[in-house]
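# Inside the fold
Here's the letter readout for the chains.
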Amino acid sequence: MISAVKGMNDLFGRRAMRWGRMEEDIRRIVENANFTEFRTPILEEIALFKRGVGETTDVVQKEMYDFLDKKGRHVAMRPEGTASVVRAFIEHGIAMNEPMPFKLYYIGPFFRYERPQKGRYRQFHQLGIEIFGDETPQMDAEMIFTACRVLEHFKIDYEVHINSIGCKECRPAYREKLVEYFSSKKEHLCEDCQKRIDTNPLRLLDCKTCNPKAKYHDIPVMTDNLCGSCDTHFKQLKDALEIFHVNGIIDPFIVRGLDYYTRTAFEIVANTGGSQNAVAGGGRYDNLVSDIGGPDTPATGFAMGLERLFDLISEDFYTEPLISAGYALCDEAVDDLVHFAKHMSHHPVRFFADYKPKKFKKALQKADKAGAEFMFIIGEDEAKDKKILMKNLNTGEQKLFGQHEVILIVNELLNYESGKFSATKV
Ligand code: AMP
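### Regarding the environment of Leu11
- Relative to the assigned elements, Leu11 resides in the segment before helix 1 (13–32).
- Residue classification places Leu11 among the partly exposed positions, given a relative accessible area of 39%.
- With residues up to four places along the chain from it excluded, the contact list for Leu11 reads Ala16 and Trp19.

The structure is reproduced here in structure tokens:
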């Protein structure tokens, strides 16, 4: 038997319906804040991710789905969204052609060859937003606020951790301090962190393997080592977050280990106590556009994991639509049922017809199995009199309608649905 590739999931039925509605809600929230959708291809040249995500990151070193195509080009399936968007931003001359700030969002699948477990997949989905051409701390605050808006909509309990990781001016000296601090502790660090001392010392701060931040309580922190303008930026960020009512916890161990990241870094964790509880993360990357060969353009953004968001949304957040089903009990009733299905299709109700004639008892079983709450029956008598029988499967109540009284029937269904809806809301 052929099964799905490890770490990749199918989505169907009720979960697919809920997922679709979650995406619709997200789109509405971010589009109201004037973000427009930006779609980029799944495949990119691997060189883009090496530069845009970073040669020294786990994502590039260990987790890329990369291969040579038929012409021997080295391509990779996107592991994240920012690098692709920056590539497109430069390629289409957006800095020259569009008004700044340029606000965009994307929703789609991403691929990382990680060890699959709950909340960690090889194909997963993200919502990302990016804002180009604005260096203000207030825009960082709006960006973080947008992530919070999404979580609040879905009534999720979360915590925002924020930090500043400085800039090209102040970070090198801080980096030296970290190297000096950890050099004497090398033998207590994991193998990866021993290498990171030379390649990417900031990444030591959020290592989950040897977890230095839990062991040492005097690790130098970036927020004590910011230059004057980064310090002001951070203060203004905190002020703006307060106005947006975002209660961020200052967390000096939130880092982005690459040189093009500047100043604001943040992460949002869900208060679930689970291990994969990071739902979103991001920050400012003022040097990435120019590093990839574009014009000097400040930028800020985040990515949110949609599988994790989905799992956090409560079961009763979305109500189930009312389903009704139509059955013919004899051959003579089939055409009437076709007519009825055609008329029902013009109305905002979820209805399906089963055209194969069957006994009443069998129809009842099938309707029940399909989760229908109403059933429409056309038997021999009904076909003769151009009638249709409506049965409420919850109460057993039955009503006879003319086959053309579709408006009356639809009204009955909608009234029942809205009554049920308000009953569950109380
Ligand atoms: P990152 O792009 O690594 O900053 O991740 C942003 C968010 O995407 C994380 O906070 C997670 O919610 C989610 N995420 C990252 N990797 C995975 C994965 N392998 N499976 C599921 N969700 C993921």
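### Let's talk about the pattern of salt bridges
- A full pass over the atoms with the stated rule returns 23 salt bridges.
- Note that Asp69 and Arg73 form a salt bridge whose closest N and O atoms lie 2.7 Å from each other.
- Owing to a relative accessible area of 23%, Asp69 belongs among the partly exposed residues under this scheme.
- A salt bridge links Asp311 to Lys118; the shortest N-O distance between them is 3.2 Å. Residue Asp311 is found in helix 12 (residues 306–312), and its partner Lys118 is found in the loop between strand 5 (102–111) and strand 6 (123–132); the two are separated by 193 residues along the sequence.
- Using a relative accessible area of 62% as the deciding quantity, one classes Lys118 as exposed.
- Residues joined in a network through salt bridges with shared partners are Asp58, Lys62, Asp192 and Arg196.

### Observations concerning the site of the ligand
- Taken together, 14 residues lie near the ligand, and Arg112, Glu114, Tyr121, Gln126 and Ala278 sit nearest.
- Measuring from an oxygen atom of the ligand, one finds a backbone N or O atom of Val279 at 3.2 Å.
- A distance of 3.4 Å is found between an oxygen atom of the ligand and a backbone nitrogen or oxygen belonging to Gly305.
- Protein burial of the ligand: of its 490 Å² of free accessible surface, 86% is covered by the chains.
- Mapped by element, the contributors of at least two residues to the shell around the ligand are strand 6, strand 10 (278–284) and strand 11 (299–305).
- Counting residues per element, the shell around the ligand draws most heavily on strand 10, at 3 residues.
- Class assignment of the residues belonging to the shell around the ligand gives a composition of 6 nonpolar, 3 polar and 5 charged.

### Regarding the sheet that holds strand 2 (residues 43–45)
- In spatial order, the strands read 2-4-3; together these 3 strands make up an open sheet with antiparallel pairing. Two strands close off the open sheet at either side, each with one partner strand: strand 2 and strand 3 (65–68). With direction set aside, neighbouring strand axes in the sheet form an average angle of 35 degrees.
- Here helix 2 (residues 46–54) sits on the sheet and contacts strand 2, strand 3 and strand 4 (74–77); the angle it forms with strand 2, its principal contact strand, is near 80 degrees.

### Concerning the packing of aromatic side chains
- In total, this model carries 20 aromatic pairs according to the counting rule given.
- Ring geometry for Trp19 and Phe310: centres 5.2 Å apart, planes at 40 degrees, overall tilted. Here the residue Trp19 occupies a position in helix 1, and Phe310 occupies one in helix 12, the gap between them amounting to 291 residues.
- For Trp19, a relative accessible area of 9% translates into the label buried.
- With a centroid separation of 4.2 Å and an interplanar angle of 20 degrees, the aromatic rings of Phe89 and Phe132 are classed as stacked. Of the two residues, Phe89 sits in helix 4 (residues 82–91) while Phe132 sits in strand 6, which places them 43 residues apart along the sequence. Summarising the burial analysis for this pair, Phe89 and Phe132 share the class buried.
- These aromatic residues form a ring-pair network of at least three members: Phe38, Phe89, Phe102, Phe132, Tyr261 and Tyr285.
- Its end group placed over the ring of Phe110, Arg78 keeps NZ or CZ at 4.2 Å from the ring centre.

Parameters and conventions
- Residues numbered from 1 in each chain as written.
- Predicted model: local features only at pLDDT ≥ 70, side-chain atom pairs only at ≥ 80, totals over all residues.
- Heavy atoms only, no water.
- Helix = DSSP H or I, 4+ residues; strand = E, 2+ residues; numbered from the N terminus.
- Buried < 20%, exposed > 50% of the residue type's maximum accessible area, 1.4 Å probe, protein only.
- Contact = heavy atoms within 4.5 Å.
- Salt bridge = Lys/Arg side-chain N within 4 Å of Asp/Glu carboxyl O.
- Near = heavy atom within 4 Å.
- Polar contact = N/O pair within 3.5 Å; in protein donor to acceptor, adjacent residues only side chain to side chain.
- Areas by Shrake-Rupley, 256 points an atom, 1.4 Å probe, with all protein chains shown as cover.
- Nonpolar A, V, L, I, M, F, W, Y, C, P; charged D, E, K, R; others polar.
- Pairing = 2+ DSSP bridges.
- Axes fitted to C-alpha atoms, helices over the stretch in contact; angles between N-to-C directions.
- Phe/Tyr/Trp six-rings, centres within 6.5 Å; stacked < 30°, edge-to-face > 60°.
- Lys NZ or Arg CZ within 6 Å of the ring centre and 35° of its normal.

None of this, on its own, says anything about what the molecule does.
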